[in-house]
Amino acid sequence: MKALIPAAGLGTRWYPWARVVPKELLPVGRHPAIHLILDEAVAAGIDDIGIIIRYGKELIRIYVEQIWQSSQAGVKLTWLFQDHPLGVGDALLSAKGWIGGEPVAVLYPDELHPVSGGLAKLVAAFSKR
């Protein structure tokens with residue numbers, strides 16, 4: 001199973017903070033929000049993760065590759081790019097080729113859940129099918 005994280009938006013609901021730092025990198029406790037989402041995916045047994053970004057969101061890639069991924073063995077990251085922030089639907093369509101016909105969990109960096117929460121239960125239920 002794959003996980004897809006759309007992170008190409010403008011962050012207008014988080015203005016003015018998101019003007020300085022992408023909302024995905026805003027701290028939630030000791031880590032940025034995207035760190036917690038990635039940890040949730042890995043804890044659920046997902047090892048193939050796609051992250052959709054756009055121009056201006058390079059800090060996300062730097063953080064994930066240099067900080068988060070350095071402690072993760074066996075997790076495959078794929079970077080997908082959305083040319084313009086045209087909404088979540090357009091972002092998901094930009095990942096159509098990467099998704100292929102496989103099942104995918106879509107995780108939003110501004111919706112946080114416990115590591116042992118819903119995603120782990122959904123993956124387990126899907127695996128039993």
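The residue numbering used here restarts from 1 in each chain and proceeds along that chain's sequence as written. The predicted nature of this model means local features are confined to residues of pLDDT at least 70 and side-chain atom pairs, given and counted, to a pLDDT of 80 or more, with totals for whole chains, interfaces and linings taken over all residues. In computing side-chain values, all of the structure's heavy atoms are included and hydrogens and water are not.

Chemist: Help me out: how do you make sense of the overall build of the protein chain in this one?
Modeler: Runs of E in the DSSP output that reach at least two residues are strands. Runs of H or I that reach at least four are helices, and both are numbered from the N terminus. A count of helical and extended segments in the protein chain gives five helices and six strands. Start at the N end of the protein chain and walk to the C end: the helices and strands fall as β-β-β-α-β-α-β-α-α-β-α. Both definitions apply: the radius of gyration is a C-alpha atom measure, and the globule rule equals 2.2 Å times residues to the power 0.38. Radius of gyration (C-alpha) of the protein chain: 14 Å, near the 14 Å computed for a compact globule of 129 residues. Overall, the C-alpha framework of the protein chain stretches about 45 × 35 × 25 Å when taken along its three principal axes. We call a residue buried when its accessible area falls under 20% of the maximum for its residue type, exposed when it is over 50%, and partly exposed in between, using a 1.4 Å probe and counting protein chains only. Looking at the protein chain as a whole, 40% of its 129 residues are labelled buried.

Chemist: Help me understand the side chain of aspartate 48, please; the structure alone is not making it clear to me.
Modeler: Note on placement: aspartate 48 falls in strand E4 (residues 48–53). An unpaired buried charge is present at aspartate 48: no salt bridge exists, and lysine 2, the closest side chain of opposite charge, is 4.1 Å distant. Beyond its immediate sequence surroundings of up to four residues, aspartate 48 is in contact with Met1, Lys2, Ala3, Lys76, Thr78 and Trp98. For the purpose of charge, His is not counted, nor are the chain termini; Lys and Arg are scored as positive and Asp and Glu as negative. Whenever Lys or Arg places a side-chain nitrogen within 4 Å of a carboxyl oxygen from Asp or Glu, that contact is recorded as a salt bridge. Residue contacts follow a heavy-atom distance rule, with two residues in contact if any of their heavy atoms lie within 4.5 Å.

Chemist: Would you mind showing me how to read the pattern of salt bridges here?
Modeler: It is possible for side chains of opposite charge to pair when their charged atoms get near one another. Evaluated as defined, the whole model comprises five salt bridges. With its nearest N and O atoms 2.9 Å apart, the salt bridge here joins lysine 57 to glutamate 24. Taken together, the residues lysine 57 in the loop between E4 and helix H2 (58–68) and glutamate 24 in the loop between strand E1 (2–6) and strand E2 (27–28) connect sequence positions 33 residues apart. The pair lysine 57 / glutamate 24 is uniform in exposure class, with both members buried. Of the charged contacts in the structure, one is a salt bridge between glutamate 65 and arginine 61, with a shortest N-O distance of 3.0 Å. Note that glutamate 65 and arginine 61 are positioned in helix H2 at a spacing of four residues, about one turn of the helix. For arginine 61, a relative accessible area of 31% puts it in the partly exposed group. Residues participating in the shared-partner salt-bridge network are Arg13, Lys23 and Asp110.

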